[in-house]
Amino acid sequence: MIAVRLRSLAAIALGALFPSLGCSPALPSPRPDVETTNAPRPAPRWGIAIHGGAGVLDRASLSPEREAETRAVLAASLEAGHGILAKGGSSLDAVTAAIRILEDSPLFNAGKGAVFTHEGTNELDAALMNGHTREAGAVAGLRHVRNPITLARSVMEKSPHVMMIGEGAERFAEQEGLELVPERYFYTEERWQALQRALAAEKKAPPPQGKPQGFWESPAGRDHKFGTVGAVALDQAGHLAAGTSTGGMTNKRFGRVGDSPIIGAGTYADEGCAVSATGHGEYFIRYTVARDVCARVDYAGMTIGAAADRVVMDILVKAGGEGGLIAMDAQGNVAMPFNSKGMYRGYMGADGITSVSIFRDR
Ligand code: ASP
């Protein structure tokens, strides 16, 4: 009897240590009246998915050199995250590492390549969530933090809070010894010119009265690319994480904060689902997009693909909310729907094959 108990305790301990095995070791049930099954469940397919923003990405406006460069950075980001997962590292570490690479590239609207506000400044937002523990960290309105995703992680792990903004968040970054950079670090000619175009278009056609947001989209603004970055990952222990980092939207006003750092809007993860979004943030906030996808998986038993499609291709389309998202479930299934012309995106699973796409077909 004691031997049987010890064996069942050992089974529980092994199951807890190696949940990625997907089943407990085949030991006899200590309760003959209770049927147990030792049939192995399929092991979760660990992996990482990333995005580099959605928007009107015309083939014609993307030179072959620029396309190759963009694909190379996306692949490097995937490989950084994948390397961590392959060694048994956590999804949280993989997401953080993948996003830092995108933040350091001027090609994406996050970190180095952040877009300009109406006043010609850069204000950065980011969030990170651990699906296993539901811990989360978020930051907004940063002007000097080189890697906002790392500060989001510090907020999650080293503070009692979930969200910190502006100067206070930067004071915390300093306290934590994170890298701070002068504002000119975020200057890129391309983003500056995008702001000049947005300002000129706005002058020509002033915003309609009664528009609820400080931000508004000019008719010419339809040629925008969003360019936010994000990642979702499932590690070998079966734990999910999600993260997003952004410079927001070109020409944004007065301390405007988008969906990216808002848990449940642009970023969310739980035990069964992780989401990072990109698009016109005001819609993603009002439709609590990331949480809505995961709630559909949890409450309605929808597949990750069906849930993500319903929100992005139906609900957001009807509302006029342009953008897309990447989502992963606890089995490693991935969905990457977008209702804009294109979305920079990529996936790398246990097989080590890197796949990167920009347009609908490739
Ligand atoms: N969602 C971001 C925001 O509204 C923009 C983006 O995805 O590029 O701040």
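Structural data are supplied above this passage.
Note that the coordinates shown come from a computational prediction; the quantities given were computed from them, not determined experimentally. (Residues numbered from 1 in each chain as written. Predicted model: local features only at pLDDT ≥ 70, side-chain atom pairs only at ≥ 80, totals over all residues. Heavy atoms only, no water.)

Caption draft 1: How the structure looks around the packing of aromatic side chains. By the definition in use, this model includes 5 aromatic pairs. Each ring, one from Phe116 and one from Trp192, has its centre 5.0 Å from the other, and the planes form 80°; the classification is edge-to-face. One end of the pair, Phe116, is in the loop between helix H3 (91–103) and strand S2 (124–130); the other, Trp192, is in helix H6 (residues 189–204), with 76 residues separating them in the sequence. Given a relative accessible area of 2%, Phe116 falls into the buried group. When the centroid spacing of 5.0 Å and the interplanar angle of 80° are considered together, the rings of Tyr185 and Phe186 count as edge-to-face. A single burial state applies to Tyr185 and to Phe186, both of which are buried. Following the ring pairs from residue to residue traces out a cluster consisting of Phe116, Tyr187 and Trp192. Lying over the aromatic face of Tyr283, Arg286 brings its terminal NZ or CZ to 5.0 Å of the ring centre. (Phe/Tyr/Trp six-rings, centres within 6.5 Å; stacked < 30°, edge-to-face > 60°. Helix = DSSP H or I, 4+ residues; strand = E, 2+ residues; numbered from the N terminus. Buried < 20%, exposed > 50% of the residue type's maximum accessible area, 1.4 Å probe, protein only. Lys NZ or Arg CZ within 6 Å of the ring centre and 35° of its normal.)

Caption draft 2: Inspection of the environment of Gly47 at higher detail. Position of Gly47 among the secondary structure elements: in strand S1 (residues 47–55). Classification of Gly47 by relative accessible area gives buried; the value is 0%. Note: C-alpha distance between Gly47 and Gly81 (34 residues apart in sequence) is 8.6 Å. With near-sequence residues (within four places) excluded, Gly47 lies in contact with Leu85, Val232, Ala233, Leu234, Met328, Tyr347, Met348 and Gly349. (Contact = heavy atoms within 4.5 Å.)

Caption draft 3: Representation of the nonpolar core within the structure. Of all hydrophobic cores here, the largest spans 47 residues; its most connected members are Ile48, Phe108, Val139 and Leu151. Looking at this core element by element, the count peaks at 6 residues for H3. Beyond its immediate sequence surroundings of up to four residues, Leu151 is in contact with Val139, Leu142, Val145, Ala169, Phe172, Ala173 and Leu178. Core analysis: the second largest hydrophobic core is formed by 35 residues, Val232, Cys294, Ile304 and Ala330 among them. (Core = buried A, V, L, I, M, F, W, Y, C linked by side-chain atoms within 4.5 Å.)

Caption draft 4: Broad picture of the packing of helix H2 (residues 64–86) against H3. At their nearest, the axes of H2 and H3 sit 8 Å apart, and the two run at 160° to each other. Of the possible angle classes, the one that applies to H2 and H3 is roughly antiparallel. H2 and H3 meet at a crossing whose hand is right-handed. Side by side, H2 and H3 meet where Val73, Leu74, Ala76, Ser77, Ala80, Gly81, Ile84 and Leu85 of the first sit next to Ser91, Asp93, Ala94, Ala97, Ala98, Ile101 and Leu102 of the second. Here the residues of the contact of H2 with H3 sort into 11 nonpolar, 3 polar and 1 charged. (Axes fitted to C-alpha atoms, helices over the stretch in contact; angles between N-to-C directions. Parallel < 35°, antiparallel > 145°, perpendicular 65-115°, else oblique. Left-handed = near helix turned anticlockwise from the far one by under 90°. Nonpolar A, V, L, I, M, F, W, Y, C, P; charged D, E, K, R; others polar.)

Caption draft 5: The arrangement of unusual backbone geometry in detail. Its identity is not glycine, yet Arg134 carries a phi of approximately 60°, on the positive side. Residue placement: Arg134 occurs in the loop between S2 and strand S3 (135–142). For Arg134, a relative accessible area of 40% puts it in the partly exposed group. In this structure, Thr288 takes a positive phi of about 30° despite not being glycine. Mapped onto the fold, Thr288 is located in the loop between helix H7 (281–286) and helix H8 (289–300).

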